[in-house]
Amino acid sequence: MAVGILPVQSDPTLLEDIRRYGKFDTEGCYQCGTCTLSCDLCTDFANFPRRSMRYALLGLRAPLQGSLEPWICHDCGDCSIACPRHAEPRISMHTLRRFLSAQYEWTGMGGRLLRSRAWHLGSLAFAAVFVVALILCYHLWYVGLPVSGLTTAMGLEHMFPIMTYFTLTVMLFPFLLLLTRVFRVWRFTMGGEDRPSIPFSVYVEEAWTYAYQSVTHSMMKKCPEKGRWLGHWLMALGVVMMLTIKVFALRWFQTDNIYAFYNPQRWLGYLAAGFIFYGVGDILVKRVKANKEIYKETHLEDVIFPVLLLLTALSGMGAHILRYSGLAYAALIAYAVHVIIATPMLVVEMPFGSWAHMIYRPLALYFQAVKERAAQLAPAGEAIGHVV
Amino acid sequence: MPTLTINNAQIEVEEGTKLLHAVEKAGVKLPTLCHHKALTPYGACRLCVVEVATPGRPASVQAACSYPALDGISVTTHSERVLRARRIVAELLLARCPESEVVKRIAAELGVKETRITKKNDDCIYCGLCVRMCEERMGRAAIGFTGRGPKKKLQAPFGKHNSVCWTCGACNFICPTGKQVSSLATAGTFDPIRNIFNMDLDSRSATYIPYPQAVPNKAIIDRDTCVHLNYDDCGICEEVCEADAIDFNQKATTVELNVGAVILAPGYRTYDAKGSKDLGYGRLPNVVNAMEFERILSASGPFSGHVLRPSDGQTPKRIGFIQCVGSRDSERDYCSSVCCMYATKEALMAKEHLGENLQCDIFFMDLRAFSKGFEQYYNRAREQGVEYIRCRIPKIEEVPETKNLIINYLAENDKKISREYDLVVLSVGMQPPKEVKAFSEKFGIALNPHDFCHTSVFKPAETSREAIFVAGPFAEPKDIPETVMQASAAAGQVLSLLKDARGTQMTPKVYPPERDVTGEEPRIGVFVCHCGTNIAGVVNVPSVMEYAKTLPNVVYAGANLYTCSNDTQEAIKATINEHHLNRVIVASCTPRTHEPLFRNTMREAGLNAYLFEMANIRDQCSWVHMQEPERATEKSKDLVRMAVAKARLLEPLAQRSIPVNKSGLVIGGGLAGMTAALSLAHQGFNVHLVEKQNELGGNLKHLHYLLGGDQPQAELNRLRLEISRNDRICVYTGAKLEKIDGSIGDFTTTIALDGQTATVKHGTIIVATGAREHHPTEYLYGQHKRVITQRELEERLVTDDAFLKPNGKQKTVVMIQCVGSRDKERPYCSRVCCAEAIKNALKIKELSPGTHVYVLYRDIRTYGFKEEYYTRARQLGVAFVRYEEDRKPEVAPNGQGLQVTVFDQTLGMPFTIAADAVVLSAGIQPHEDNKQLAQLIKVPLNSEGFFLEAHMKLRPVDFMTDGAFLCGLAHSPKNIEETILQAQAAAARASTILSRDRIELEGNISHVVDASCDGCAYCVDTCPYKAISMVEYMWQGGVKKVVETNDSGCKGCGCCQATCPKNGIFVYGFTLAEIEAQIHAALGVS
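Because the structure is a prediction, the values reported are computed rather than measured. (Residues numbered from 1 in each chain as written. Chains lettered and ligands numbered in written order. Predicted model: local features only at pLDDT ≥ 70, side-chain atom pairs only at ≥ 80, totals over all residues.)

## Some points on the overall build of chain A
Inference 1: Secondary structure assignment for chain A yields 19 helices and one strand.
Inference 2: Radius of gyration (C-alpha) of chain A: 23 Å, near the 21 Å computed for a compact globule of 388 residues.
Inference 3: For chain A, the C-alpha atoms occupy an extent of roughly 80 × 45 × 40 Å along the three principal directions.
Inference 4: Once local pairs closer than 6 in sequence are excluded, the contacts in chain A between residues at least 24 apart make up 74%. (Helix = DSSP H or I, 4+ residues; strand = E, 2+ residues; numbered from the N terminus. Rg over C-alpha atoms; globule rule 2.2 N^0.38 Å. Contact = placed C-beta atoms within 7 Å.)

This is the structure we're talking about:
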């Protein structure tokens, strides 16, 4: 057992480091444990927020980097309500997730974006301007400006195949970038010499956890805030449907054909859009109302992704309606806006922003399951629960 | 006036008297059921029937309650005829209500065991008490009888609930069968008047005596609930009171007093735990607050000392205590200081009541056992199986079926654990008194941010307004000894202020002339005490009392609930006069605490105080033989018999007195000594202030700044200056005490100064010799220059600007707490180190915000308002890491700096800190030479080497030796504020002696029998008080050697008497004859 052989070194600068990623207010925390006690998601194997807060307060960088607990936390805010010192552990846990995201990221861009609002908004703006430039170039030198004589209902046919390549790039590249961090997360949280090695078979046996958590978000259902799961799940489902359609069936969708209402080409799209509207609307309305602990203290960073998603869906829907209404020119403009909004969201928010949790959270739950299973298999007396 | 014959005795009664009263007046008791003194006679139950013979007519059987006492009639109360009639009535009643306790008792008294009539199992015996009560006394008539004969029924009008009933519950109260009569008239539930003294756990009447020991022990009328005062009905108490003491016309009056000073002691208010909703107080019946549990534990409490839980009256097997309820949260950022210890005490007491196997768990955050002896008490509780669990509990859940309680807690290793309890006690904190804002405005005093009274470090008993002082928890949450100290300190401050008026408004107490009992046969009165249930819970008090009556010379024996209460003193005096007693025995508790009280009662009754004897049937019997009540009763009888045997031989002793030398000696010139000296001088007494070092100041010289920002060095200079300017204070520096002779009121002390000696005379002694910082031997102290103590750090922070920033680099400072405290060698807490460490940590953060500070601690004991500095330190990022005693941090050299390894209890892992300095919070240690001084003054030390006071709680600044007092670190570790308070308290206590012209001495002292003493001088060496000396005189032509006793020095310990081979010296009140009589009585020989 690694613990007790080589004590970790306390790094007193850790707290200042964490605070660059957001609010981490210890406000007189005296480690009473009320927060952990109030949490429905804690188990004997994964305790938070006290433990995570303690790592940060005592400057234990390696154990903090190696902890999965911040991802098991689903931000319900019960701890902040219970805290007798009003230290708001929920917000500190949120900051820790931002801090950890930056640690997992190897290009250094992630850290910059998470630490600085200017960098974040600047990156989004840069991507948007870049897309505008691409659209202008396309029309100036490739097909000419569609000023008049639009004969088809939409006039999108001309964009093939160039639009397919563009779409694939802005969707798959960020996604693959995200996937490259999986190994880094593993090394921080599961690997390393001072941790007991876990047989590969355990990883295989528990692999279903990853898929299950990714698809169901079932952990969120354990959260006391019940209304949240449906909105989040529908939104995720809508996004996945949309992305799948765009990656695998763009040709079918980006067409000048007019389909009947009952055609799957139409109602699949409507359904996905409906899910997104419902989910995003649910989040944004509750955040604006802010009548529950969980929705309090909303920062710009927390809503950029849902807002962009909403705008993307709205502009896409707008283009669709205008096209079916026969307003071809307006539809084209709406489509351009759609691409201008969607692209920054995909290239910035997915790999560097809060969207990245779609990889990290199920991964952490998976690794946690692996750890727990390994602990059960381990010989008695060798507790693995809190191995860091 | 009618004259009648009752059982052949003539009796005269007033016109209109009912026969029942006439019979009672004749001293005959009749059974009654439907009769009540305050209600009209009813004649329904026929239990009080008597045989009435009118001249010339045959005798008839009549109900005494309603039959008039006529002139010339002849009444027989217990003839066979009436007895038979009563038995028939009893059988009928028993048939109707076989379950009624009252009916069963009456039947049993009449010798009726079983009824021959078919049982009806009714709950109403038609006595009509409720109906009459409701109509006549409550003025309501909400219930009545309907129907006649077998169809008679107790009902509300039309059998319906009505609005006439006001749910007063008088009907339920008076019903002999316990029927809930009010339910006939109303759907409302009867809400009894809650007894505030028992924390609302039981009820009381509207006319009541607040609690058994109340002073004065008199009944009062609750104006809010009294039916007579509010509605002009009832008035029963006025008729029932035999002393005619009820006066409904009393009005509140305003009294105007002209005073020179005011002491505010409004106390505190316990936190209302209903504010912590999740803990369920007020909602879950088995969640009680600590004050309620205190009452549950008390003999005079709601369950008479039986530990029961409220929901079902069952004995709990598992009790959980939750600490910090209403303390140490963000709304109340202070520690209530007392809860850790009272929870520990209550847990131990509960175990005493319910046995070793009772599970007591205390959920706490930091166990704050900081005061003298507390750490040891805490350790003892742990040894006795009280479990301490470090977790703050946010929520309690109830198991609905059993009303048991579930506590989910987080173990220190982060595991969530669930435990079930039968009873949960909330350790509620102290809050400022109610309406404190209006109170403070009335007096024009400032409050602190927590709404307690504002005081300052150097003037801890003073409010912000001149001549208004404060004592007790109103100034800051504190326990009994600290409250007593502050109260004495405040009194001392007032004495300084009003020294010219001292004694001008006093009426000296005058006792009646002492009755000469010489030659009288002993007439002994024995008063046996229940002491609530303290004695009566184990010992059969009536049987002891009856036994006492059989002893020789005992002419009276009685029993009292609390013999020490005020009204009992009056009763004792009355009994002494009535029975012409000349010896009195109280069989109760210890003479150590209560003998003075009873002796005073003796004097008030005109008897010599020494004709009194105590039998200790509590401390030496009921308390130690709890498990064997029968044998305890036998032992009590033995003890009473011994006391009687001795009392027969008691002789009156003379009250002697000596003049008081009106100057005080203060030993030690630190903060405590200087404060005490100034306080005495301000009260108008001369002071000899002796300091062994060459200048005044003591430990205060090493303090440079305080948590609140006050300047200790400026205060030190002020004190020195004030002392040098005060002509009443004579300072001896570089001095050593050689010898202290004499006793209270008249000491003579020899002081060695630079080879010379000075002799001073004084009436009191105050010990203020202080203590010193522990010299650590661990953590590389003395081996590595970067390992220093807190005191050294403080010095460096003040003098060395570069200390925090050598080479411009940020530093890391690690502080280690409890160095030389709370360990095997020194098992006490040094009390000040936590706050000192935090003070220095905050100073470091102030001077160099970038410096990292770690505090490695065991419990952070920032009690009272010091908690907020602990909070501030955490907010400023000071890292607090807890370690266990058996897993201490390790310090190793690491290049220029140090490496500290500590095992964090929460994370369950060790980690290392690269430290530039390690600061040890070295504890406070008593001076090694305390022992010599203790021998000089003849006072004891405790096992740690600190001076031991007379009583830990009630006499915190007195020594057992009269005339000697203590204060400051010599007593135990404490901070500046507490030192000043204790010093002022000691001065105030000393002035209670110095302000007298003469002092009365104890009569139980040794006496030399000249004729028997042959001057062998065995007793001279034996006397621990050095009160015996040899004298020689010429007698019958030769030199006669005998010993002589110094009356004021003798404490009556009896060592001389035990040593003397010739019966040449004895102690009054403990003569050989008296002791012999006791032994004979004990052994049952004569």
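So, next bit.
## Some words on the interface of chain A and chain B
Inference 1: Contact residues are listed per partner, giving 34 residues for chain A and 31 residues for chain B.
Inference 2: If you list the elements that add at least two residues to the side of chain A that touches chain B, you get β1 (8-9), α2 (34-38) and α3 (50-58) of chain A.
Inference 3: Here the element with the most residues in the side of chain A that touches chain B is α3(A); it accounts for five residues.
Inference 4: Where β1(A) and strand β43 (residues 909-915) of chain B come together, two bridges link them in parallel fashion. The residue bridging A:Val8 from the neighbouring strand is B:Phe911, located in β43(B). (Pairing = 2+ DSSP bridges.)

## A closer look at the sheet that holds strand β24 (residues 524-529) of chain B
Residues and elements named next belong to chain B.
Inference 1: Taken in spatial order, the four strands make up an open sheet running β25-β24-β26-β27, and their pairing is parallel. The strands lining the two open edges of the sheet, one partner per strand, are β25 (554-560) and β27 (612-616). When strand polarity is set aside, the average angle formed by the axes of neighbouring strands in this sheet is 15°.
Inference 2: Inspection of the sheet shows β24 paired to strand β26 (residues 583-588) by five bridges, in the parallel sense. Bridge pairing in β26 places Ile524 opposite Arg583. (Axes fitted to C-alpha atoms, helices over the stretch in contact; angles between N-to-C directions.)

## A few points about unusual backbone geometry
Inference 1: With an omega of 0°, the peptide bond running from A:Phe48 to A:Pro49 counts as cis.
Inference 2: Within the secondary structure layout, A:Pro49 lies in the loop between α2 and α3.
Inference 3: Phi is positive for B:Glu435, close to 50°, though the residue is something other than glycine.
Inference 4: One can find B:Glu435 in the loop between β22 (430-431) and α12 (436-443).
Inference 5: Positive phi, normally seen in glycine, also occurs at B:Gln1036, with a value near 50°.
Inference 6: By secondary structure assignment, the location of B:Gln1036 is in the loop between β49 (1028-1035) and β50 (1038-1045).

## Some points on the environment of A:Asp40
Residue and element names in this part refer to chain A.
Inference 1: Examined against the element boundaries, Asp40 turns out to sit in the loop between α2 and α3.
Inference 2: Classification of Asp40 as exposed rests on a count of 10 C-beta atoms within 10 Å.
Inference 3: Those residues in contact with Asp40 that lie beyond four places of it in its chain are Lys222, Cys223 and Pro224. (Buried ≥ 20, exposed ≤ 12 C-beta atoms within 10 Å, placed from the backbone.)

## Let's talk about the environment of B:Leu719
Inference 1: For B:Leu719, the position within the fold is in helix α20 (residues 712-725).
Inference 2: Between the C-alpha atom of B:Leu719 and that of B:Val338, which follows or precedes it by 381 residues, the distance is 32 Å.

## Overview of the pairing of β26(B)
Residues and elements named next belong to chain B.
Inference 1: The element β26 is largely enclosed, with a buried count of six among its six residues.
Inference 2: What you see with β26 is no split at all: Arg583, Ile585 and Ala587 on one side and Val584, Val586 and Ser588 on the other are buried throughout.
Inference 3: Sheet topology places β26 next to β27; five bridges connect them, and they run parallel. If you follow Ala587 over to β27, its bridge partner there is Ala615.
Inference 4: Handedness of the β26-helix α16 (residues 591-604)-β27 crossover: right-handed. (Right-handed = clockwise from strand over helix to strand, strands pointing away.)

## With respect to helix α9 (residues 290-297) of chain B
Inference 1: Restricting attention to buried positions, one finds in α9(B) the residues B:Ala290, B:Glu292, B:Phe293, B:Arg295 and B:Ile296.
Inference 2: Of the surrounding secondary structure, the elements contacted by the buried residues of α9(B) are β14 (287-289), α10 (339-354) and β21 (423-428) of chain B.

## Considering the packing of helix α14 (residues 541-549) of chain B against helix α18 (residues 629-647) of chain B
All names here are of chain B.
Inference 1: It is at 10 Å that the axes of α14 and α18 come closest, and there the two elements cross at 35°. Once α14 is placed against α18, the crossing between them reads as right-handed. Along the contact surface, α14 presents Ser543, Val544, Tyr547 and Ala548, while α18 presents Thr633, Ser636, Lys637 and Val640.
Inference 2: A per-class count over the contact of α14 with α18 returns four nonpolar, three polar and one charged. (Left-handed = near helix turned anticlockwise from the far one by under 90°. Nonpolar A, V, L, I, M, F, W, Y, C, P; charged D, E, K, R; others polar.)

## With respect to the sheet that holds strand β1 (residues 3-6) of chain B
Residue and element names in this part refer to chain B.
Inference 1: Within the open sheet, the five strands sit side by side as β2-β1-β5-β3-β4. Their pairing is mixed. Each edge of the open sheet is held by one strand with a lone partner, namely β2 (9-12) and β4 (60-63). If you compare each strand with its neighbour and ignore which way they point, the axes differ by 35° on average.
Inference 2: Where β1 lies against strand β5 (residues 74-76), two bridges are found, and the strand directions are parallel. Each residue of the ladder has a partner; that of Thr5, found in β5, is Ser74.

## Thoughts on the nonpolar core
Inference 1: Grouped together as the largest cluster of nonpolar side chains are 258 residues, with contacts concentrated most on B:Ile766 and B:Val918.
Inference 2: Element by element, the count of residues in this core is highest for helix α18 (residues 328-352) of chain A, at 13 residues.
Inference 3: Counting contributing residues, this core receives three or more from each of domain 1 (14-104) and domain 2 (117-365) of chain A.
Inference 4: Contacts of B:Val918, omitting those with residues within four sequence positions, involve B:Tyr779, B:Arg786, B:Val787, B:Val814, B:Ile816, B:Val891, B:Leu898 and B:Val900. (Core = buried A, V, L, I, M, F, W, Y, C linked by C-beta atoms within 7 Å. Domains from an automatic or database assignment.)

## Brief notes about the domain arrangement of chain A
Residues and elements named next belong to chain A.
Inference 1: Per the domain assignment, the segments of chain A are domain 1 (14-104) and domain 2 (117-365).
Inference 2: Counting residues at the interface gives 19 residues for domain 1, matched by 19 residues for domain 2.
Inference 3: Taken together, the elements giving at least two residues each to the side of domain 1 that touches domain 2 come down to α5 (69-72), α6 (78-82) and α7 (89-104).
Inference 4: Of the residues assigned to the side of domain 1 that touches domain 2, the class counts are eight nonpolar, seven polar and four charged.

## Regarding the pairing of strand β17 (residues 387-390) of chain B
Residues and elements named next belong to chain B.
Inference 1: Bridge count for strand β16 (residues 359-364) against β17 is four bridges, and the pairing is parallel. Within β17, the position partnered with Asp361 by the bridge is Glu387.
Inference 2: You can see the chain leave β16, run along helix α11 (residues 374-383) and come back into β17, and the turn it takes is right-handed.

## Observations regarding the confidence of the model for chain A
Residues and elements named next belong to chain A.
Inference 1: Taken over all residues, the pLDDT of chain A has a mean of 85, while the share at 70 or more is 92%.
Inference 2: Here helix α15 (residues 250-253) stands out as the element of chain A with the lowest mean pLDDT, 78, in contrast to α5, whose mean of 94 is the highest.
Inference 3: Segment residues 381-388 is flagged for pLDDT under 50; beyond a separation of four residues in sequence, or across chains, it makes 19 contacts in the model. (pLDDT = per-residue confidence, 0-100.)

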